[in-house]
Number of protein chains: 2
Amino acid sequence: MNVPQTAALNRRFVLTQHTQPDAEPTPAVWKLETVPVPEAGPGQVLLRTLWLSLDPYMRVRLNDADTYMPSVKKGEVMVGGTVSRVEASNHPDYQVGDLVHSYAGWQDYMISDGSDIIIKLPAGAPHPSWYLGALGMPGFTAWHALMNIGKPKAGETFVVAAATGAVGQIIGQLAKQAGLRTVGIAGGQKKCDYATGELGFDVCVDHRAKDFPAQLKAACPKGIDIYMENVGGPVFDAVMPLLKEFARVPVCGLISHYSGGGMEGADRLPGFMAQTLFKRLKVEGFIIFDAYPEHHANFQQHARPLVEGGQVKVREHIIDELESAPQGLIDLLKGDNFGKVVVRVGA
Amino acid sequence: MNVPQTAALNRRFVLTQHTQPDAEPTPAVWKLETVPVPEAGPGQVLLRTLWLSLDPYMRVRLNDADTYMPSVKKGEVMVGGTVSRVEASNHPDYQVGDLVHSYAGWQDYMISDGSDIIIKLPAGAPHPSWYLGALGMPGFTAWHALMNIGKPKAGETFVVAAATGAVGQIIGQLAKQAGLRTVGIAGGQKKCDYATGELGFDVCVDHRAKDFPAQLKAACPKGIDIYMENVGGPVFDAVMPLLKEFARVPVCGLISHYSGGGMEGADRLPGFMAQTLFKRLKVEGFIIFDAYPEHHANFQQHARPLVEGGQVKVREHIIDELESAPQGLIDLLKGDNFGKVVVRVGA
């Protein structure tokens, strides 16, 4: 099936099966179907998807059991952040042609009463897809973790994994602007070169290197003050001994655990708790969706001029066509992306 | 050797050997020796120990390697908090007869220039030994963990282990006063009865019970908002699934890990980090010694009227004679104490 976006049909991916917590999703998890385009009723708008965001959090929503968010149920449209254009409006706040960021999911059209619209894009926003990345949820995640949990002080050392990913690329640049030594971790020389050459990281260490822990240690001669935890697994093992007293560890993701990935061998929890005590660590999990009411406007005010002015660079990994979304997410979960993954769904 | 406290000799316990991190200390760790009483020079005072505090943190200072505090070196006097009387003074701030709280260690006499004196006790303080417990470091630990890290809200559920211990007994009563449901954990029926009958815990669960996790769950029908972590080990395993979203976990001690005590079996760290993320936990290690400059005066102002007025009850486990200190600490580390352990060294 290869159906382009039209004004007549709504293509959508619905869930056909859940994924075991220790397994990787396959393309058979979703089914592409087409249904009629819905019509906007009183007080509603019809949204047409232009861009769809693919993000690591989607993995946990494929599980059967609810975690911090309900799982996607079988037969439901797969969730996802989108930038859409208003095609029809019976809502006083939205005009035909407006661009909005909401969570329309993996489909061409959605009806909205406005309550699920996160933000109306500024008129003439030069890169609408950036509102799924640097100026959207990943950028907000980066900003909130750094500013409100990490509380950076100039001269400190900051480390983040997946340094060229959606969150890593932004938080690394924001940390650099705050006067920190920034150390990225990425998979492969190409990403590392980009991290230091384009994103301004002071050092980037390849986690595939055999002597990765030693390289990371050498990159952080004074230890680590802020570690943005978004991967878990062996990377965290290398980070832990380098954490300094009073280090802050915002925890926004554990991509290496989403499909199994528990470590073999000894129980590391007692050692971790001892480090937490002895080094007075502050380890704080957060889900960015909680932070919108209090902090999102501040983020937009701070980040928009930096991103649109080019002081914070953006790298996107653009996938063409909604039909490629399943494989795009599967690749993302393996780390095969290079930059913030967005799907160009329509125009 | 059985030498009482005199004006002529300074009895002191010095370290003769370190203890392996996974071993329990034995009496052979210390040697009791007697030396002449030192003399106060210009600007100095001579302190005579009345009360010595025994506390879990002492265990880590017996290791060979430094942790968050330097280890006690062989031949050095064993560390410990004390209440002492000024016997001679060449210091303008201290008069003969004043009582002070400092860290004179396991000995009868110490020379001080005042810089190591934490506090001068109020004249006529009715229970000087309380300045080693409810009004000293353990009470300050309880207050700081609850107020500044736990940030309690009325109606929330609070849990602490070692509920009748030096920290547990105080934090439980402070939490109750703040309007929280308080659940203690203790070893044995006698301690549990005391926790509910005298200390005002709503429930106390015996961690030796075979169905301890089920009992704890039943005691926390709405889950746990604040867990004061001071033991680690299997108790934490029972607590973890009960932690609510946005729960706070101040980590002030890990007594079950101090002498080995790593858990057999699977690696629990990935599960813990997933909980941290999904439930947005805030896990914060702290060492109370860091908090003195900023918070100690507030603590004294808040706690002194409560403790001296009887709204916060104090249970002490009094050991007679300095010579019993080694066995007293060994027993404390096994949980064989019942209340805050203090040694009556002199008079």
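A quick note: this is a predicted structure, and the numbers were derived from the prediction, not measured.

1. Thoughts on the relation of the copies chain B and chain A
The operation linking the two copies of the chain is a rotation about an axis combined with a translation along the axis. Rotating chain B by 180 degrees about the axis while translating it 0.0 Å along that axis superimposes it on chain A, leaving an RMSD of 0.0 Å. The symmetry that links the two subunits is that of a two-fold axis. Relative to the rotation axis, the closest C-alpha in chain B is found at Asp267 of chain B, a distance of 1.9 Å. Both copies contact each other with a shared surface, as 100% of the interface residues of chain B are interface residues in chain A too.

2. Remarks on helix 2 (residues 166-177) of chain B
Residue and element names in this part refer to chain B. Taking 1.5 Å as the rise per residue, helix 2 with 12 residues should run 16 Å; its terminal C-alpha atoms sit 18 Å apart, in good agreement. The buried count for helix 2 comes to 10 of 12 residues, which makes it a mostly enclosed element. What helix 2 keeps buried is the set Ala166, Val167, Gly168, Gln169, Ile170, Ile171, Gly172, Gln173, Leu174 and Ala175. At its buried positions, helix 2 is contacted by helix 1 (137-150), strand 8 (157-160), strand 9 (181-186), helix 3 (189-197), strand 11 (224-228) and strand 15 (340-344). Count one or two residues on from helix 2 and you reach Gly179, which has phi positive near 90 degrees.

3. Some remarks on the domain arrangement of chain A
All names here are of chain A. On domain assignment, one finds that chain A holds domain 1 (9-133 + 316-344) and domain 2 (137-288). Using C-alpha coordinates to define each centre, domain 1 is positioned 28 Å away from domain 2. On the domain 2 side, the residues contacting the 15 residues of domain 1 number 13 residues. Per-class residue counts for the side of domain 1 that touches domain 2 are six nonpolar, four polar and five charged.

4. Structural notes on the interface of chain B and chain A
Listed as interface residues are 31 residues of chain B and, on the opposing side, 31 residues of chain A. Secondary structure elements with two or more residues in the side of chain B that touches chain A: helix 7 (269-278) and strand 13 (282-285) of chain B. Residue contributions to the side of chain B that touches chain A peak at eight residues, all from helix 7 of chain B. Here the residues of the side of chain B that touches chain A sort into 16 nonpolar, eight polar and seven charged. Direction of pairing for strand 13 (residues 282-285) of chain A relative to strand 13 of chain B: antiparallel, over a ladder of three bridges. The residue of strand 13 of chain B that forms the bridge with Glu284 of chain A is Lys282 of chain B.

5. Here's the deal with the nonpolar core
Grouped together as the largest cluster of nonpolar side chains are 210 residues, with contacts concentrated most on Ile171 and Val239 of chain A together with Ile171 and Val239 of chain B. If sequence neighbours within four positions are ignored, Val239 of chain B has contacts with Val159, Ile224 and Tyr227 of chain B.

6. Section: the confidence of the model for chain A
Confidence in the prediction for chain A averages 92 pLDDT; 96% of positions are at 70 or higher. If you check the scores for this complex, the pTM reads 0.85 and the ipTM reads 0.82.

7. A short note on the packing of helix 1 (residues 137-150) of chain A against helix 2 (residues 166-177) of chain A
Residues and elements named next belong to chain A. At a minimum axis distance of 8 Å, the contact between helix 1 and helix 2 shows a crossing angle of 45 degrees. Regarding the angle of helix 1 to helix 2, the classification is oblique. Considering only the axes of helix 1 and helix 2, their crossing is right-handed. Along its contact with helix 1, which presents Pro138, Gly139, Thr141, Ala142, Trp143, Ala145 and Leu146, the element helix 2 presents Ala166, Val167, Ile170, Ile171, Leu174 and Ala175.

8. Thoughts on the packing of helix 1 of chain B against helix 8 (residues 292-308) of chain B
Residue and element names in this part refer to chain B. At a minimum axis separation of 10 Å, helix 1 and helix 8 run at an interaxial angle of 100 degrees. Taken together, helix 1 and helix 8 sit at an angle that is classed as roughly perpendicular. Here Gly139, Phe140, Trp143, His144 and Asn148 of helix 1 come into contact with helix 8, specifically with His295, His296, Phe299, His302 and Ala303. In terms of residue class, the contact of helix 1 with helix 8 is made up of four nonpolar, six polar and no charged.

9. Examining the environment of Ala219 of chain B
Residues and elements named next belong to chain B. Within the element layout of this structure, Ala219 appears in helix 4 (residues 212-219). According to the C-beta neighbour criterion, Ala219 is buried, with 20 such atoms within 10 Å. In this structure, the C-alpha to C-alpha distance between Ala219 and Val205, residues 14 residues apart in sequence, is 7.8 Å. Not counting residues up to four positions away in its chain, the partners in contact with Ala219 are Val183, Val203 and Val205.

10. Focus: the sheet that holds strand 9 (residues 181-186) of chain A
Pairing in this open sheet of 12 strands is mixed, and the strands run 10(A)-9(A)-8(A)-11(A)-12(A)-13(A)-13(B)-12(B)-11(B)-8(B)-9(B)-10(B) from one edge to the other. Looking at strand neighbours, the two that pair on one side only are strand 10 (203-206) of chain A together with strand 10 (203-206) of chain B, the edges of this open sheet. Direction aside, the axes of adjacent strands within the sheet are offset by 15 degrees on average. Set on the sheet, helix 3 (residues 189-197) of chain A makes contact with strand 9 and strand 10 of chain A; between it and strand 10 of chain A the angle comes to about 170 degrees.

11. Quick word on helix 3 of chain B
Residue and element names in this part refer to chain B. Within helix 3 the residues assigned to the buried category are Lys191, Cys192, Tyr194 and Ala195. Buried residues of helix 3, viewed axially, fall in a sector of 160 degrees; they line one side. Exposed residues lying more than 90 degrees from the buried face of helix 3 are Gln189, Lys190 and Gly197. On its buried side, helix 3 packs onto helix 2, strand 9 and strand 10.

12. Some points on the environment of Ala247 of chain A
All names here are of chain A. As for its position among the elements, Ala247 is in strand 12 (residues 243-251). Overall, the presence of 26 C-beta atoms within 10 Å leaves Ala247 in the buried class. Between the C-alpha atoms of Ala247 and Phe158, which are 89 residues apart in sequence, the distance is 9.9 Å. The residues contacting Ala247, other than those within four sequence positions of it, are Ile224, Asp225, Ile226, Tyr227, Lys279 and Leu281.

13. Points about unusual backbone geometry
Unusually for a residue other than glycine, Ala162 of chain A sits at a positive phi of about 50 degrees. Residue placement: Ala162 of chain A occurs in the loop between strand 8 (157-160) and helix 2. In this model, Lys151 of chain B sits at a positive phi of 45 degrees, which is unusual for a non-glycine residue. On the secondary structure map, Lys151 of chain B appears in the loop between helix 1 and strand 8. Accessibility expressed as a C-beta count within 10 Å gives 13 for Lys151 of chain B, which makes it partly exposed.

Criteria and thresholds
Residues numbered from 1 in each chain as written. Chains lettered and ligands numbered in written order. Predicted model: local features only at pLDDT ≥ 70, side-chain atom pairs only at ≥ 80, totals over all residues. Least-squares fit on C-alpha atoms with pLDDT ≥ 70 in both. Contact = placed C-beta atoms within 7 Å. Helix = DSSP H or I, 4+ residues; strand = E, 2+ residues; numbered from the N terminus. Expected span 1.5 Å × (residues − 1). Buried ≥ 20, exposed ≤ 12 C-beta atoms within 10 Å, placed from the backbone. Domains from an automatic or database assignment. Nonpolar A, V, L, I, M, F, W, Y, C, P; charged D, E, K, R; others polar. Pairing = 2+ DSSP bridges. Core = buried A, V, L, I, M, F, W, Y, C linked by C-beta atoms within 7 Å. pLDDT = per-residue confidence, 0-100. Axes fitted to C-alpha atoms, helices over the stretch in contact; angles between N-to-C directions. Parallel < 35°, antiparallel > 145°, perpendicular 65-115°, else oblique. Left-handed = near helix turned anticlockwise from the far one by under 90°. Arc of directions from axis to C-beta.

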